[in-house]
Each structure stands twice: as structure tokens, then as C-alpha cells.
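Read off the chains here:
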Amino acid sequence: MEEIHRAIKLMEQYKTEEAIKVLEEFLPQANEDEKYTIAELYKQWGMLEEAKMILLGIVQQYPDETDLKLMLADIHIDLQEDQEAIELLNKFNPQDEEYLAVLLQLADLYQTQGLFEVAEQKLLEAKQLDPAETLLDFALGELSFSNGEYLKAIPYYEKVYAMQQVMAEVEIPVRLAECYAATGEFEKAIEYFQLVETDDVDVLFRYGFIGYRADRYDIAKQAWEQVIELDPEYQSVYLYLAEVYEAEGLIQEAYETTKKGLDMDELNKDLYLVAGSLARKMGDHAAGYQLAREAVSIDPGFKEAVLFLVESYKHDQDQEAIIDLLTHSIEQGEEEGYYKWELAKAYKEEESFSEALKFYQDAYNTFKDDEDFLKEYGYFLVEEGRRNEAITILERYLGLEPSDTELEEYIARLKDQAEDY
């Protein structure tokens with residue numbers, strides 16, 4: 001063992017190459033115990049392939065040595081050779097002292113491969129061997145949680161929580177809170193979250209989100225304000241906090257929150273749009289337009305921002321702005337039928353009837369089953385003297401709304417007029 005001790009000392013002195021050379025020269029004459037020790041060192045030093053080759057040779061000579069096989073399985077896993085690890089672990093005898101650890105390792109491997117039912121079977125088998133082992137309840141809870149089986153996970157986590165609050169660096173009350181929230185029991189979720197004192201911004205964000213979903217804006221606001229205090233660069237929190245402020249009528253605070261968020265994330269189109277909406281609510285129409293236009297410049301296909309601008313321009317009766325905006329959007333490749341309908345309306349208001357007709361015709365492909373569109377389009381065609389086309393469109397509308405007797409009579413009059421011509 002003298003050479004092994006010398007190699008360890010050399011490694012401690014950062015003389016890596018010398019340490020490895022000492023072991024390589026000693027390995028051919030080492031006995032099995034020494035080879036095992038060298039394999040352990042290689043594993044610690046990240047020389048996994050070298051450690052594996054040593055262990056494969058020893059395992060062939062001592063196939064019943066569980067410690068050897070467990071270390072070899074660990075190395076297979078570290079090398080991402082999951083199938084080799086599974087084959088090796090499945091050779092263990094249920095009577096082996098380490099069989100419980102083997103089942104846990106197999107469960108983890110099967111879960112990694114997406115074989116969740118097999119993983120669960122291995123954990124349940126382990127549970128039969130040691131029903132009181134809290135680690136197994138935790139593993140079963142984690143497996144169910146990762147699969148989205150939250151109701152199934154709750155009893156396991158509650159068993160763990162009865163024994164300890166934290167396991168494997170996981171806050172059990174947080175897991176229970178998330179499970180209850182996922183099943184719609186928000187008040188129960190809040191109760192569990194309140195058991196945790198934490199400055200983990202991810203946990204606080206989730207706590208705030210559960211409060212938000214439960215309409216407990218006081219909880220959401222407090223949690224999210226704390227997130228920003230702890231980590232101002234936690235970008236996703238600003239939009240939600242602004243929505244909470246707005247829901248409580250705190251428009252100025254909401255607006256300031258969106259602006260702070262944009263300082264952290266200047267390409268967040270959703271924040272620009274919310275900021276624009278809040279600016280208009282405060283009477284700053286110029287800022288509202290500018291912020292919404294920023295959202296569209298980031299993403300020309302951002303339909304919500306485009307429609308916000310359209311409605312704003314409508315309020316100001318600015319048809320030219322609507323036409324410019326939607327024409328540009330369509331030129332950018334946004335083939336949105338609603339844009340064409342809005343363009344048709346805008347051109348109609350501008351008395352550009354030929355352009356209006358063109359966009360009504362284009363929009364028809366999208367809205368041929370929309371009662372409001374068909375009625376509006378039909379009346380437009382009548383105004384343009386295109387009675388026969390109008391009758392066709394309005395009859396299609398009547399097929400969707402047969403109870404509209406007033407329009408039915410109107411169509412009859414149109415047909416009479418058409419016959420008179």
C-alpha cells in the first residue's frame with residue numbers, strides 16, 4: 001500500500017501526473033484489495049473509465065461481492081451507461097444486505113428513462129422490505145410529484161412531514177403546498193406555505209402565485225414584493241405583481257412596477273403592453289401608444305398588442321393610424337383575418353369603399369360563419385349597390401340566426417327590389 005499512499009500525497013500536492021503514473025506502474029502487481037482501493041481513487045479523481053476497467057476485472061473473480069457491484073453500477077451511471085447499470089443491479093439477490101439500496105438505485109434509473117411504473121414497482125418492493133423507512137415515502141412522493149400525480153403524492157409527503165420538515169434539501173411543506181394547490185385546495189396550500197420561513201426567491205414566487213390563484217392578493221403582493229427585494233433581477237415577478245396592484249386599484253404602483261420590470265428586461269413584450277394599458281388608464285395616452293408600439297416592434301405577431309392599439313385608435317377615431325398599423329402587420333406576414341376585418345371597417349369610415357370591399361372579401365374566408373361579420377358585410381354590400389351578393393351573404397347569416405325575423409323581412413325586400421331592376 002506504500003505506493004498508494006505516495007500517490008495520494010502527490011495528488012494532495014497537485015502533482016496529478018506523477019500520482020497517476022505511480023498507480024499505473026503499481027497496478028499490475030497489486031492484489032485485489034489494492035486494486036479496489038485504486039479504483040476508488042480513480043473514481044474520486046474523475047478517471048471513471050479506468051476505475052470501471054479495474055472493477056470489471058475484480059467482479060469477474062468475485063461476482064457475489066455487493067460492494068464491488070454497487071461501485072461499478074455507480075460508475076456506469078456516472079458514465080451515463082444506464083442500461084449497463086440496470087443489468088448489473090438486476091443481478092442482485094433479494095437476500096443481499098444492500099438490496100434496499102439497489103432497489104432505490106434501480107427506481108432512480110427507471111425514472112430517468114421515463115419508465116415511471118417500473119420505478120414505482122421498485123420503490124413499493126423496497127417499502128415492503130422496510131415499511132418504516134421515511135426515505136422511501138419521500139422517493140414515492142417525489143416520483144408521483146414529478147408525474148403530476150399530486151393527490152397520490154400527498155399521503156407520502158404527509159408521512160415524511162410527520163417525521164421531519166426537510167429531506168434531501170427539499171422543504172416538505174412546500175411540496176405539500178404545491179400538491180394541494182395543483183388539486184385546487186388553495187387555502188390548504190397556503191397553510192403549508194406559511195409553515196416555511198425562507199428567503200428562497202423561487203419558493204416565495206410560487207407562494208405568491210398560489211395566493212394569486214386563490215384571490216388572496218395580500219399574500220401574493222407580500223410574497224412578490226419580497227422576491228423583488230431579495231432579487232431585483234427576478235424578471236418574471238414584475239408582470240404578476242403589476243396585475244395584483246391593478247386588481248386592487250393601485251394603478252400608479254402597477255405602472256411603476258412594469259417600468260421597473262422593463263429596466264430589468266427591456267425585451268419583455270408583455271410588460272410593454274401592460275405598461276401601455278396602465279398608462280392609458282392614468283390618462284397618459286401618448287405613453288400608452290408608445291409602450292404598446294414597443295411591444296409590436298419586438299414581436300410584429302403580438303396580436304394582443306396590435307388589437308390594443310386598434311381599440312385605442314378607434315377610441316380616438318384615428319382611422320389612418322389603424323390602416324397604417326394593420327397594413328404594416330400584414331406586410332410583415334401576419335395573415336390574421338381579424339386584421340382584415342378591422343381594415344375593412346377603417347377604410348369604410350374613411351369612405352375608401354373599394355379598399356373596404358377588398359378587405360371584406362379577404363376577411364370572409366375567416367369569418368364566413370361569424371354572424372356579426374356576415375351581417376355587417378351584407379349591409380355594406382347593400383350600401384355599395386351589390387344587392388345579389390348582399391342577399392347571398394345575408395341568407396348565410398340567416399342560416400346561422402334563423403330567429404332574426406327582421407332581417408328575414410329585409411332580405412325579402414331586397415329580393416323584390418332586385419326583381420324590379
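The following paragraphs examine the structure supplied in this document. This structure is a prediction, so every number in the text was calculated from the model and none was measured.

In the contact formed by helix α6 (residues 82-89) and helix α7 (residues 99-112), the axes pass within 10 Å of each other and the chain directions differ by 150°. In this view, α6 runs roughly antiparallel relative to α7, as classed from their interaxial angle. α7 is crossed by α6, and the crossing has left-handed handedness. Where α6 approaches α7, its residues D82, A85, I86 and L89 are matched on the opposing element by V102, Q105, L106, L109, Y110 and T112.

If you walk through the whole model with that rule in mind, you get 20 salt bridges. For R206, the salt bridge goes to E178, with nearest N and O atoms at 2.1 Å. With R206 in helix α13 (residues 201-213) and E178 in helix α11 (residues 172-182), the pair connects residues that are 28 residues apart, well separated along the chain. Put simply, R386 and E389 hold a salt bridge, and the shortest N to O gap is 3.0 Å. Here E389 falls in the partly exposed class, since its relative accessible area comes to 33%. Three or more residues are tied together by salt bridges with common partners; here these are E142, R175, E178 and R206.

Now for the nonpolar core. By size, the foremost hydrophobic cluster in this structure holds 73 residues, and its most contacted members are W224, V227, V237, L309 and F373. Residues within four places of V237 in sequence aside, it is in contact with F205, W224, V227 and I228. Ranked by size, the runner-up nonpolar core spans 47 residues in total, among them I38, L68, L123 and L143.

What counts and how
Residues numbered from 1 in each chain as written. Predicted model: local features only at pLDDT ≥ 70, side-chain atom pairs only at ≥ 80, totals over all residues. Heavy atoms only, no water. Axes fitted to C-alpha atoms, helices over the stretch in contact; angles between N-to-C directions. Helix = DSSP H or I, 4+ residues; strand = E, 2+ residues; numbered from the N terminus. Parallel < 35°, antiparallel > 145°, perpendicular 65-115°, else oblique. Left-handed = near helix turned anticlockwise from the far one by under 90°. Contact = heavy atoms within 4.5 Å. Salt bridge = Lys/Arg side-chain N within 4 Å of Asp/Glu carboxyl O. Buried < 20%, exposed > 50% of the residue type's maximum accessible area, 1.4 Å probe, protein only. Core = buried A, V, L, I, M, F, W, Y, C linked by side-chain atoms within 4.5 Å.

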